Amino acid sequence: MTREEFWQHIETTRLAAKNDPDAQCKQLKKYLKTLPDDELISFHTHFDALYAPTYRNDLWGAAYIINGGCSDDCFDYFRAWLIGRGQAAYEAALVSPDSLADVAEEEDCEQEELLSIAIGVWLKRHKKDWSDLEKDSPFPSTPNSDPGPAEWEEDDEESLTRLYPRLYEKFW
């Protein structure tokens, strides 16, 4: 599977689900079940490669505003949601997190299931458990890098409005 094909699957399922993250995961899971193992692994590899560079404080600030707060786990789910919104939204957010004001329609922008959707399909197919992956996993994992310095602080209206004017107006 190419990166372009990965994004096509994300976009097709997002549109079919009318931007509903849960419905998108159901659509995507149906599709992933039809793929051979090497394509499932490829799908996850592309997801993982796109997921790692989103571990950034500027995106965490955007998630904080959109979700009305953002723990570590919440930020993981937000990053998956960002990928689930498609290539255009993803790339725009990497350039300017405030661009998410055009994409986020409501609070609670999280998509936990997308984090491991291909792994879940593979496990079910092979009648394995998550603990089996600790011993022998065909799925790569890219570690998070340093998120960089935080230019925003929780409940600091000045930094939040300066860095995320559109998101602050829409969600805060």
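Reading the values: rules and limits
Residues numbered from 1 in each chain as written. Predicted model: local features only at pLDDT ≥ 70, side-chain atom pairs only at ≥ 80, totals over all residues. Heavy atoms only, no water. Phe/Tyr/Trp six-rings, centres within 6.5 Å; stacked < 30°, edge-to-face > 60°. Lys NZ or Arg CZ within 6 Å of the ring centre and 35° of its normal. 1 Å grid on protein atoms, 1.4 Å probe; cavity = no way out; pocket = protein on both sides within 12 Å on 5 of 7 lines; lining within 4 Å. Points joined across faces, edges and corners; volume = space filled by probe spheres on them. Helix = DSSP H or I, 4+ residues; strand = E, 2+ residues; numbered from the N terminus. Nonpolar A, V, L, I, M, F, W, Y, C, P; charged D, E, K, R; others polar. Buried < 20%, exposed > 50% of the residue type's maximum accessible area, 1.4 Å probe, protein only. Arc of directions from axis to C-beta. Contact = heavy atoms within 4.5 Å. Core = buried A, V, L, I, M, F, W, Y, C linked by side-chain atoms within 4.5 Å. pLDDT = per-residue confidence, 0-100. Salt bridge = Lys/Arg side-chain N within 4 Å of Asp/Glu carboxyl O.

### Some words on the packing of aromatic side chains
The way to describe two aromatic rings as a pair is by their centre distance and the angle between their planes. Tallied over the full model, the rule gives 13 aromatic pairs. An aromatic cluster of three or more residues is present, and its members are Tyr55, Trp60, Phe75, Phe78 and Trp81. For Arg79, the ring lying beneath its charged end belongs to Tyr51, and the centroid distance is 3.8 Å.

### What to know about the layout of surface pockets
As a volume, the largest pocket reaches approximately 420 Å³. Considering the residues around the largest pocket, the lining is formed by 23 residues, among which Asn19, Asp20, Pro21, Trp81 and Arg85 are closest to the centre. Secondary-structure elements contributing two or more residues to the lining of the largest pocket are helix 1 (3-16), helix 2 (21-32) and helix 6 (87-95). Partitioning the lining of the largest pocket into residue classes produces seven nonpolar, four polar and twelve charged.

### Details of helix 6
Where helix 6 is concerned, the buried positions are Ala89, Tyr90 and Ala93. End-on, the buried residues of helix 6 take up no more than an arc of 100°, which puts them together on one face. The exposed residues of helix 6 that point more than 90 degrees off its buried face are Ala88 and Val95. Taken together, the buried residues of helix 6 touch helix 1, helix 3 (37-51), helix 4 (57-67) and helix 5 (72-84).

### Brief notes about the nonpolar core
The biggest cluster of nonpolar side chains holds 50 residues, and the ones touching the most others in it are Phe6, Leu32, Phe43, Leu100 and Leu167. The set of elements that each furnish at least two residues to this core consists of helix 1, helix 2, helix 3, helix 4, helix 5, helix 6, helix 7 (117-125) and helix 10 (165-171). Residue contacts for Phe43: discarding those within four places in its chain leaves Met1, Phe6, Ile10, Leu28, Leu32, Ile117 and Ala118.

### Brief notes about the confidence of the model for the chain
Put simply, the chain has an average pLDDT of 93, and 100% of its residues get 70 or more. Model confidence for the chain, summarised as mean pLDDT per element, is weakest for helix 8 (residues 130-135) at 78 and strongest for helix 6 at 98.

### Notes on the pattern of salt bridges
In this structure the tally under the stated criterion is seven salt bridges. The partner of Arg79 in a salt bridge is Asp76, with the nearest N and O atoms 3.1 Å apart. Remark: Asp76 and Arg79 occur in helix 5; sequence separation between them is three residues, near one turn of the helix.

### Considerations on the environment of Ala101
Secondary-structure assignment places Ala101 in the loop between helix 6 and helix 7. Residue Ala101 is classed as buried on the basis of its relative accessible area of 10%. Sequence separation between Ala101 and Asn144 is 43 residues, and the spatial gap between their C-alpha atoms is 25 Å. If near-sequence neighbours (up to four positions away) are discounted, Ala101 is found in contact with Arg166, Leu167 and Lys170.

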